[in-house]
Amino acid sequence: MRTLVVTLLLAFSASGAIAETEQDASPARVVQGGHWTEGPSTGTYRILVEEVGFEHVSCRVRIQWLASAASGRPARLIAEQTFEELSTTFWSCGQGKQSVVISGNVLKVQATHAYSGEPCTFTASLGQPGRYQYEACRSETPAPKTGG
């Protein structure tokens, strides 16, 4: 009997922790665009952005590759990758319409460091399903003016 009680308490605690984590994430913003080709297959990119945390909010960005819709069938998910360079650190993604942009096969995400306030634009070249190449995080701070 004691084993059953302990097991139920552990199960209850674990499910409570999961619920708190899910509550800490806001619904995803979705941006779709661009175009990929691999042999005879084609499709578009979809970017999902979730804000996670409550005191120092950071974002989680997932890149998805969708196959083009076939006659009578909707587009389907082919591959998905987390944008690791942005999602595993303390960066908060911008809220504006232009904070996440796909232009051709280039993804740009404007972000601000949750602790330092440093602005940065994360850039990646999106490729065939499941592949992307991280290019850079460029500061958006204007260049200092030279005196005169």
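This is a predicted model, so every value here is computed, not measured.

Quick notes on the rules
Residues numbered from 1 in each chain as written. Predicted model: local features only at pLDDT ≥ 70, side-chain atom pairs only at ≥ 80, totals over all residues. Heavy atoms only, no water. Pairing = 2+ DSSP bridges. Helix = DSSP H or I, 4+ residues; strand = E, 2+ residues; numbered from the N terminus. Axes fitted to C-alpha atoms, helices over the stretch in contact; angles between N-to-C directions. Core = buried A, V, L, I, M, F, W, Y, C linked by side-chain atoms within 4.5 Å. Buried < 20%, exposed > 50% of the residue type's maximum accessible area, 1.4 Å probe, protein only. Contact = heavy atoms within 4.5 Å. pLDDT = per-residue confidence, 0-100. Polar contact = N/O pair within 3.5 Å; in protein donor to acceptor, adjacent residues only side chain to side chain. Disulfide = S-S within 2.5 Å.

> In this structure, what is going on with the sheet that holds strand E2 (residues 41-52)? I would like to understand it.
What holds strands together in a sheet is hydrogen bonding between their backbones, with the strands either parallel or antiparallel. A sheet is described by the order of its strands in space; here four strands give the open sequence E1-E2-E3-E4, paired in antiparallel fashion. Both outer strands of the open sheet, strand E1 (29-38) and strand E4 (76-82), are each paired with one neighbouring strand and no more. Within the sheet, the average angular offset between the axes of one strand and its neighbour, ignoring direction, is 25°. Bridge analysis of strand E3 (residues 58-67) against E4 gives six bridges, and the strand direction is antiparallel. Its bridge partner lying in E4, Leu66 is registered against Leu77.

> What should I look at first to understand the nonpolar core in this one?
For soluble globular proteins, the rule of thumb is that nonpolar side chains tend to be buried together. By size, the foremost hydrophobic cluster in this structure holds 23 residues, and its most contacted members are Ile47, Val61, Ile63, Phe83, Leu86 and Leu107. Where this core is concerned, the elements lending two or more residues are E2, E3, strand E5 (91-93), strand E6 (100-103), strand E7 (106-113) and strand E8 (119-126). Leaving out residues up to four positions away in the same chain, Leu86 has contacts with Cys59, Val61, Trp91, Cys93, Val109, Ala111 and Phe122.

> Teacher, can you tell me more about the pairing of E7 here?
Regular strands have side chains that alternate between both faces of the sheet. The pairing of E5 with E7 spans three bridges and is antiparallel. Paired with Ser92 across the two strands is Thr112, which belongs to E7. Pairing geometry for E6 and E7, over four bridges, is antiparallel. If you follow Val100 over to E7, its bridge partner there is Val109. What sits between the antiparallel neighbours E6 and E7 is a turn of two residues, in which Gly104 has the positive phi angle 65°. Taken together, the seven bridges between E7 and E8 define a ladder with antiparallel strand orientation. Directly across from Val109, in E8, lies its bridge partner Phe122.

> What is the right way to look at the confidence of the model for the protein in this model?
The predicted coordinates ought not to be read in detail in places where the model reports low pLDDT. Overall, the prediction assigns the protein a mean pLDDT of 78, with 74% of residues at 70 or greater. Taken together, the stretch residues 1-23 has pLDDT below 50 and engages in zero contacts with residues farther than four places along the chain or on a different chain.

> Sorry, what's going on with the side chain of Glu51 here?
Note that Glu51 resides in strand E2. A polar contact of 3.5 Å, which involves the side chain of Glu51, links it to the side chain of Arg29.

> Before we go on, may I ask you to explain the state of the cysteines in this structure?
When the sulfur atoms of two cysteines share a covalent bond, that bond is a disulfide. For the structure on display, the rule yields two disulfides. Between the sulfur atoms of Cys120 and its disulfide mate Cys137 the distance is 1.7 Å. Note that Cys120 is positioned in strand E8 and Cys137 in strand E9 (residues 132-139), a separation of 17 residues in sequence. Residue Cys120 is classed as buried on the basis of its relative accessible area, which comes to 1%. Take Cys137: its relative accessible area is 29%, and that puts it in the partly exposed class. If the cysteines joined by disulfides in the protein are listed in sequence order, their pairing comes out as 1-2, 3-4.

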